[in-house]
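So the chains spell out like this:
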Amino acid sequence: MEAANQLGSTAHPSSTPAPVPGIASTGTLGRHLARRLVEIGVNDVFSVPGDFNLTLLDHLIAEPGLNNIGCCNELNAGYAADGYARSRGVGACVVTFTVGGLSVINAIAGAYSENLPVICIVGGPNSNDYGTNRILHHTIGLPDFSQELRCFQAVTCVQVVVNNLDDAHEQIDTAISTALKESKPAYISISCNLPGIPHPTFTREPVPFLLSPNVSNQLGLEAAVEAAAEFLNKAVKPVIVGGPKLRVAKAQKAFLELADATEYPLAVMPSGKGLVPEHHPHFIGTYWGAVSTSFCAEIVESADAYIFVGPIFNDYSSVGYSLLIRKEKAIMVQPNRVTIANGPSFGWVFMADFLSALAKKLKKNSTAMENYKRIFVPPGIPLKCEKDEPLRVNILFKHIQQMLSGDTAVIAETGDSWFNCQKLRLPENCGYEFQMQYGSIGWSVGATLGYAQAARNKRVIACIGDGSFQVTAQDISTMIRSGQRSIIFLINNGGYTIEVEIHDGPYNVIKNWNYTGLVDAIHNGEGKCWTAKVRTEDELTEAIARATGEQKDALCFIEVLVHKDDTSKELLEWGSRVSAANSRPPNPQ
């Protein structure tokens, strides 16, 4: 993430090319956009070509620091930009007008929900067509080019339509800087005839962005710290719970300062997994109400004070609104606001500033941590499978746990993988990503592509259900073309298991595929790809040994066949509670 976080201090554009004699200006919109992307930390753009963006793509691939990754469809290109942004701090995708834009919009909505700055660039109509009564292809048959723009207004923080070179420089820079400041996606539409035309506003190299840091209201910060310290210092057994907005607030370092200073137990909300250090001596697991890590909920819910840092409470994270926490015992720390119990509330107080200052004011209190140690019983070891016994999911994840290190990252698909991956204990520097707020099935295929492209130093381990894989499978092709070496565990249990546990029906059963056969066909002898189909623990052990040994430089796809009813106990509990929340009758009027 460093490139995006330290703009102006570390971003150095490469050397300026020598001017061409007789040409007053060689600066073009296309080149400026390409240099801007490289400058903010984007070295790979995920694209699907279409006639309106082809000239723009020519200019992007002409930039030495920018690599074009052609994807199989726009949805996956957007998911890949999402995965890339999770590693680098910013991502980008390029699609064509309306047919491409409306195809990518679901992925951009997901990035919006997770506070990821994804620059969505669309090749738009010729600038001469604006303001006319012409009907263009790729539209819905009306002389109105604003349909795509109106759709993107709901899922991006800024939208610009560049159809005039005079203000193109300002529009592009404003859109990109706004996305970085707000940590949300941006929409940039560029007329197809403009990228290659020189213009005086682009004559020199882009000056690196210098984004002004947000500075807390000092009086508000002092008041918030004083009130919070008084609240927590008089508590008997306080705890800290980290949430997903730690990322957007860039407050992980400050969060660790607070944890070290207080000796409070440290828990994480499910959607914040990967943002809180699980190797910390005071880490007690995931707080997720009735489906929490063993002994974690008991400590959190019995505390007399808890500080929630960057939480999102929705029907999923609250397990159908069943959390046993009380507002009067809670301090809620959001990226730019602190609220203590039922009040007071302090605005324009930024999370990192607040946590760092609070760490200096709190007394050490290990009471709740000592209580946790008293009640804690180590997890049972899954029974070893008998020879040729069908593989169980808990055995699979025991082996995945052993694969994790600081050189790996886990991508967990929506579904039972949420619950099974949630139980993995992450070593220091092990990456972890999933999309809990938006929960779009199929997200992980594109996200694995994007994350692996951004973090070439890590081996990505993706856990994907068969139902989700069928939505976005084709970009396995792009992973192989890009020389990636991720390990994908395809968990084949014959359907949409997470939906089964919420509300079962014939619609949750899917057509079984020969998944390894499909991937072999996609591979087609070009690039490095290895597949295996496993049904027993011995076959799994052998497959993992090959994937991490002789096939360590290949994309490894391991299809794991398990029983359709082999789910985590957490999913069974969670599913029944979410089902109850979904099926509440209308309140009588």
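A quick note: this is a predicted structure, and the numbers were derived from the prediction, not measured.

## What about a negative patch on the surface?
Together, Asp388, Asp538, Glu539 and Glu542 give the surface a local cluster of negative charge. We classify Asp388 as exposed; its relative accessible area is 60%.

## Some remarks on the nonpolar core
In terms of nonpolar packing, the biggest core is built from 100 residues, with Phe46, Phe397, Phe469, Ile476, Phe489, Ile558 and Trp574 touching the most fellow members. Beyond its immediate sequence surroundings of up to four residues, Phe46 is in contact with Ile69, Cys71, Ala77, Ala80, Ala81, Tyr84, Ala92, Cys93, Val94, Leu449, Gly450 and Gln453. In this structure, Tyr264, Ile331, Val333 and Ala341 belong to the second largest nonpolar core, which totals 40 residues.

## Quick look at the sheet that holds strand 8 (residues 266-268)
Strand order in the open sheet formed by seven strands is 9-8-7-10-11-12-13, with mixed pairing between adjacent strands. Single-partner strands in this sheet number two, and they are strand 9 (283-286) and strand 13 (345-347). Direction aside, neighbouring strands of the sheet carry axes that sit 15 degrees apart on average. In terms of strand pairing, strand 7 (residues 239-242) meets strand 8 through three bridges, oriented parallel. Following the sheet pairing, Gly242 is matched in strand 8 by Val268. With respect to the sheet, helix 10 (residues 252-262) is in contact with strand 7, strand 8 and strand 10 (306-309), its orientation differing from that of strand 7 by roughly 160 degrees.

## Points about the packing of aromatic side chains
For the coordinates displayed, the defined rule picks out 18 aromatic pairs. Aromatic pair Trp288 and Phe419: ring centres 4.9 Å apart, planes at 0 degrees, arrangement stacked. Here the residue Trp288 occupies a position in the loop between strand 9 and helix 11 (296-301), and Phe419 occupies one in helix 15 (residues 416-422), the gap between them amounting to 131 residues. Its relative accessible area of 1% is what places Trp288 among the buried residues. Residue classification places Phe419 among the buried residues on the basis of a relative accessible area of 1%. Grouped by ring-pair contacts, the aromatic residues Phe52, Phe97, Tyr130 and Phe145 constitute a single cluster. In this arrangement the basic side chain of Arg36 is found over the ring face of Phe209, its NZ or CZ atom lying 4.0 Å from the centre.

## Topic: the layout of surface pockets
By volume, the second largest pocket amounts to about 1100 Å³. Around the second largest pocket, the lining comprises 34 residues; the ones closest to its centre are Pro379, Gly380, Lys423, Leu424 and Glu570. Every element with two or more residues in the lining of the second largest pocket is listed here: strand 9, helix 14 (393-403), helix 15 and helix 22 (569-582). Residues that form the lining of the second largest pocket fall into these classes: 14 nonpolar, twelve polar and eight charged. Formed jointly, the lining of the second largest pocket draws a minimum of three residues from each of two domains, domain 2 (218-375) and domain 3 (393-575).

## Some words on the pairing of strand 6 (residues 186-191)
Across the six residues that make up strand 6, a large majority, six, are buried. Burial of the side chains of strand 6 extends over both faces: Ala186, Ile188 and Ile190 are buried on one face and Tyr187, Ser189 and Ser191 on the other. Direction of pairing for strand 4 (residues 118-124) relative to strand 6: parallel, over a ladder of six bridges. Across the sheet, Cys120 pairs through a bridge with Tyr187, a residue of strand 6. Taken together, the five bridges between strand 5 (residues 158-162) and strand 6 define a ladder with parallel strand orientation. Residue pairing across strands places Val158 opposite Ala186, the latter belonging to strand 6.

## Remarks on the UniProt feature "domain: Thiamine pyrophosphate enzyme central" (unreviewed entry) in the protein chain
Within this structure's numbering, the places UniProt gives as "domain: Thiamine pyrophosphate enzyme central" (unreviewed entry) are residues 225-342. Taken as a whole, residues 225-342 contains 25% helix and 20% strand, while its terminal C-alpha atoms sit 16 Å from one another.

## A short note on the side chain of Asn53
Inspection of the secondary structure assignment puts Asn53 in the loop between strand 1 (44-47) and helix 3 (54-61). A residue is classified by how much of its surface remains accessible, and Asn53, at 0% relative accessible area, is buried. Looking at Asn53, its side chain comes within polar contact range of the main-chain oxygen of Val95, at 3.1 Å. Aside from chain neighbours lying at most four places away, what touches Asn53 is Val48, Val94, Val95, Thr96 and Gly123.

## Notes on the environment of Thr448
Structurally, Thr448 can be placed in helix 16 (residues 443-454). In the structure, Thr448 is positioned 37 residues away from Ile411 in sequence and 6.6 Å away in space, judged by C-alpha atoms.

## Considering the sheet that holds strand 19 (residues 555-561)
Think of a sheet as strands paired side by side through backbone hydrogen bonds, with each pair either parallel or antiparallel. Reading across the sheet, the six strands line up as 15-14-16-17-19-18 and stay open at both edges, with parallel pairing between neighbours. Pairing within the sheet leaves two strands with one partner each, and these edge strands are strand 15 (431-434) and strand 18 (529-534). Ignoring which end each strand starts from, the neighbouring axes of this sheet average 15 degrees apart. Taken together, the six bridges between strand 17 (residues 487-492) and strand 19 define a ladder with parallel strand orientation. Counterpart to Leu490 in the pairing with strand 19 is Glu559.

## Some details on the pattern of salt bridges
Tallied over the entire structure, the rule returns 17 salt bridges. Measuring nitrogen to oxygen at the nearest pair gives 2.8 Å for the salt bridge that ties Asp173 to Arg36. With Asp173 in helix 7 (residues 168-182) and Arg36 in helix 2 (residues 29-40), the pair connects residues that are 137 residues apart, well separated along the chain. Take Asp173 and Arg36: they sit in the same class, and that class is buried. The network of salt bridges with common partners includes Asp82, Arg86, Glu114, Arg247 and Glu433.

## Here's the deal with the environment of Arg577
As for its placement among the helices and strands, Arg577 is situated in helix 22. Under the relative-accessibility criterion, Arg577 is labelled partly exposed at 31%. Taking the C-alpha atoms as reference, Arg577 lies 37 Å from Ala179; in sequence the two are 398 residues apart. Among the polar contacts made by the side chain of Arg577, one reaches the side chain of Ser322 at a distance of 3.3 Å.

## Remarks on the domain arrangement of the protein chain
Domain parsing of the protein chain yields domain 1 (29-202), domain 2 (218-375) and domain 3 (393-575). Spacing between the C-alpha centres of domain 2 and domain 3 amounts to 31 Å. Tallying the contact residues gives 18 residues for domain 2 and 17 residues for domain 3. Around 1700 Å² of area is buried between domain 2 and domain 3 when both sides are counted, 60% of it from carbon and sulfur atoms. Together, Lys273, Trp288 and Tyr316 form the three largest contributors to the area buried by domain 2 at its contact with domain 3, with a combined 36%. At the surface where domain 2 touches domain 3, the tally comes to one salt bridge. With a closest N to O distance of 2.7 Å, Glu433 and Arg247 form a salt bridge. Here the side of domain 2 that touches domain 3 is composed, by residue class, of eight nonpolar, seven polar and three charged.

Thresholds, definitions, all that
- The residue count restarts for each chain, going from 1 along the sequence in the order it is written.
- For this predicted model, a pLDDT threshold of at least 70 governs which residues receive local features, and a threshold of 80 or more governs which side-chain atom pairs are given and counted, while totals over whole chains, interfaces and linings are taken from all residues.
- Derived side-chain values reflect all non-hydrogen atoms in the structure, with water molecules and hydrogen atoms excluded from consideration.
- Every patch collects residues that have over 30% relative accessible area and no salt bridge, joining them within 9 Å if they carry like charges and within 5 Å if they are nonpolar side chains (Val, Leu, Ile, Met, Phe, Trp, Tyr).
- A 1.4 Å probe and the Shrake-Rupley method give the accessible areas. Residues count as covered only by the protein chains that appear here.
- What counts as a salt bridge is simple: a side-chain nitrogen of Lys or Arg found within 4 Å of a carboxyl oxygen of Asp or Glu.
- Residues scored as positive are Lys and Arg, those scored as negative are Asp and Glu, and His as well as the terminal groups of each chain are ignored.
- Throughout, a charge is located at the NZ atom of Lys, the CZ atom of Arg, the CG atom of Asp or the CD atom of Glu.
- Type-normalised accessible area, obtained with a 1.4 Å probe on protein chains alone, sets the label of each residue: buried when under 20%, exposed when over 50%, and partly exposed for intermediate values.
- For this analysis, a nonpolar core means a set of buried residues of the types Ala, Val, Leu, Ile, Met, Phe, Trp, Tyr and Cys, connected via side-chain atoms within 4.5 Å.
- The contact criterion used throughout is that any non-hydrogen atoms of two residues lie within 4.5 Å.
- Pairing between two strands requires that DSSP report at least two bridges joining them.
- Helix and strand definitions follow DSSP, with helices as H or I runs of at least four residues and strands as E runs of at least two, each counted in order from the N terminus.
- Each axis is a line fitted through C-alpha atoms, and for a helix only the stretch in contact is used; angles between axes span 0 to 180 degrees, taken between their N-to-C directions.
- Two rings belonging to Phe, Tyr or Trp (six-membered ring only in the last case) form a pair when the distance between their centres is within 6.5 Å. Interplanar angles under 30 degrees mark stacking, angles over 60 mark edge-to-face geometry, and anything in between is tilted.
- By definition, being over a ring means that NZ of Lys or CZ of Arg is both within 6 Å of the ring centre and within 35 degrees of the ring normal.
- A cavity, in this analysis, means grid points on a 1 Å lattice covering only the protein atoms where a 1.4 Å probe fits yet has no way out; a pocket is instead an open set bounded by protein on both sides within 12 Å along at least five of seven lines, and a residue lines either one if it has an atom within 4 Å of a point.
- Grid points are joined across faces, edges and corners, and a volume is the space filled by probe spheres set on the points.
- Gly counts as polar in this scheme, as do all residues outside two lists: the nonpolar Ala, Val, Leu, Ile, Met, Phe, Trp, Tyr, Cys and Pro, and the charged Asp, Glu, Lys and Arg.
- The split of the chain into domains comes from an automatic or database domain assignment.
- UniProt positions are given in the numbering used here, feature names are shortened, and annotations may be inferred rather than shown by experiment.
- Contacts described as polar in this section are N or O atom pairs within 3.5 Å, which, within protein, must combine one atom able to donate a hydrogen with one able to accept it, while residues neighboring in sequence count only if both atoms come from side chains.
- What counts as buried area is the accessible surface, traced by a 1.4 Å probe, that two parts surrender upon association, with contributions from both included.

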